[in-house]
Amino acid sequence: MTTASASPMRSLDRAFDVLGVLEDTRQPLRLSEVARRADLHVATAQRILNVLVERGYAAKEDAGYVAGPASVATAHAFLVNNRLSQVALPVLQELAATTGLTASLYVRVALARVLIARVQGRNPLRYQLPIGEKLPLHLGAGKALAAWLPETELHALLARSAPFTRVSGEQVTADDLAADLRRVAQDGYAVSLSERVLHVTAVSAPIRRADDVLGALSVTGSSGEVTEDDHTRLIGEVRRAADAIAARCP
């Protein structure tokens, strides 16, 4: 690639870096903080933000910069046109009715996962998780996606995420996480106990078609509602539902 052709691509990469910073924040960010998090010179970050504000992908408030309304339109276009979520919705509804738990569908975005569909169970979870929420790949249902990462991306996830502490207080090293993901790949499912949210249990399985991982399906409930005796039944239900979604995808 020539320098002339590489320069526009580098600018595009930087713009997406800034968008990623705005997506991940929960509060307005000053220009200097956007630049720091995106690893850009302040002047470069300012030029990119000016374009994003003009196009509606960023907005400037008194307290700083936030993601703009055009991001919502892009997300809506994805949900309307995404075949996976359309096919999965009736399966999620049936799974939530059968198990009584909240059923969720995630897809991988780089080294994170994004919720694209959810159906509440009989006893709704005490916390809200909106569609489009970006969550870690190394916790909970994310492991049903991370277990099949290509080698280079797996190493990047291990280097970026570990060591870390689960909400339960359990310390996890890179070797621990790698071993956990190997077990998930071998078993074909993941069971998570108080990993991201205290006293919450999740049972997850990948939606696989041949060598492709299309997404991850998960049921979630309070640890009081989901006992260890329930695990075997829930694993079977989730795996069957994941296979049904994979079979219906074009």
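Note: the structure precedes this text.
None of the values given here were measured: they were computed from a predicted structure. (Residues numbered from 1 in each chain as written. Predicted model: local features only at pLDDT ≥ 70, side-chain atom pairs only at ≥ 80, totals over all residues. Heavy atoms only, no water.)

In this section: the overall build of the chain. Each helix and strand counted, the chain has nine helices and 10 strands in total. Here the chain has a C-alpha radius of gyration of 20 Å; the compact-globule value for 250 residues is 18 Å, and the two agree. Along the first, second and third principal axes, the C-alpha set of the chain runs to 60 × 40 × 40 Å. For the chain, with 250 residues in total, the buried portion stands at 47%. Taking as baseline every contact in the chain between residues at least 6 positions apart, the subset at least 24 positions apart corresponds to 53%. When the accessible surface of the chain is summed, it comes to about 13,300 Å², and 52% of that surface belongs to carbon and sulfur atoms. (Helix = DSSP H or I, 4+ residues; strand = E, 2+ residues; numbered from the N terminus. Rg over C-alpha atoms; globule rule 2.2 N^0.38 Å. Buried < 20%, exposed > 50% of the residue type's maximum accessible area, 1.4 Å probe, protein only. Contact = heavy atoms within 4.5 Å. Areas by Shrake-Rupley, 256 points an atom, 1.4 Å probe, with all protein chains shown as cover.)

Tallying each qualifying case throughout the model produces 14 salt bridges. One salt bridge connects Glu153 with Arg108, and the closest N-O pair in it is separated by 2.9 Å. In this pair, Glu153 sits in helix α7 (residues 151–161) while Arg108 sits in strand β3 (residues 102–109), placing the two residues 45 residues apart along the sequence. Arg233 serves as the salt-bridge partner of Asp230, at 4.0 Å between the closest nitrogen and oxygen. The class of Arg233 is partly exposed, set by a relative accessible area of 40%. A single network of salt bridges, built from pairs that share partners, joins Lys143, Arg166, Glu170, Asp180, Arg183 and Glu195. (Salt bridge = Lys/Arg side-chain N within 4 Å of Asp/Glu carboxyl O.)

In this model, Ala162 is joined to Pro163 through a cis peptide bond whose omega is 0°. Note that Pro163 resides in the loop between α7 and β6 (164–165). With phi around 60°, Asp39 is a residue other than glycine that occupies positive phi space. Tracing the backbone shows Asp39 in the loop between α2 (31–38) and α3 (42–55). Phi at Ala110 takes a positive value of approximately 55°, unusual for a residue other than glycine. Mapped onto the secondary structure, Ala110 falls in the loop between β3 and β4 (112–119). By relative accessible area, Ala110 is classed as exposed at 53%.

Scanning the entire structure with this criterion turns up zero aromatic pairs. It is Lys60 that lies over the ring of Tyr65; its NZ or CZ is 5.5 Å from the centre. Sitting above the plane of the Tyr106 ring, Arg113 keeps its charged end 4.7 Å from the centroid. (Phe/Tyr/Trp six-rings, centres within 6.5 Å; stacked < 30°, edge-to-face > 60°. Lys NZ or Arg CZ within 6 Å of the ring centre and 35° of its normal.)

Turning next to the environment of Leu177. Relative to the helices and strands, Leu177 resides in helix α8 (residues 174–187). On the accessibility criterion, Leu177 (0% relative accessible area) is buried. With 30 residues separating them in the primary sequence, Leu177 and Ala147 have C-alpha atoms 9.9 Å apart. If near-sequence neighbours (up to four positions away) are discounted, Leu177 is found in contact with His138, Leu158, Phe164 and Val172.

To continue, consider the pairing of strand β9 (residues 200–209). It is a general feature of regular strands that their side chains alternate between the two faces of the sheet. Extensive coverage of β9 is indicated by the burial of eight of its 10 residues. Relative to β9, strand β8 (residues 190–193) is paired through four bridges, and the arrangement is antiparallel. Bridging across to β9, Ala190 finds its partner in Ser204. In the sheet, β9 pairs with strand β10 (residues 212–222) via 10 bridges, with the strands oriented antiparallel. By the bridge assignment, Ala202 is partnered in β10 with Thr220. Here β9 folds back onto β10 in antiparallel fashion, the turn holding two residues, of which Ala210 has a positive phi close to 55°. (Pairing = 2+ DSSP bridges.)

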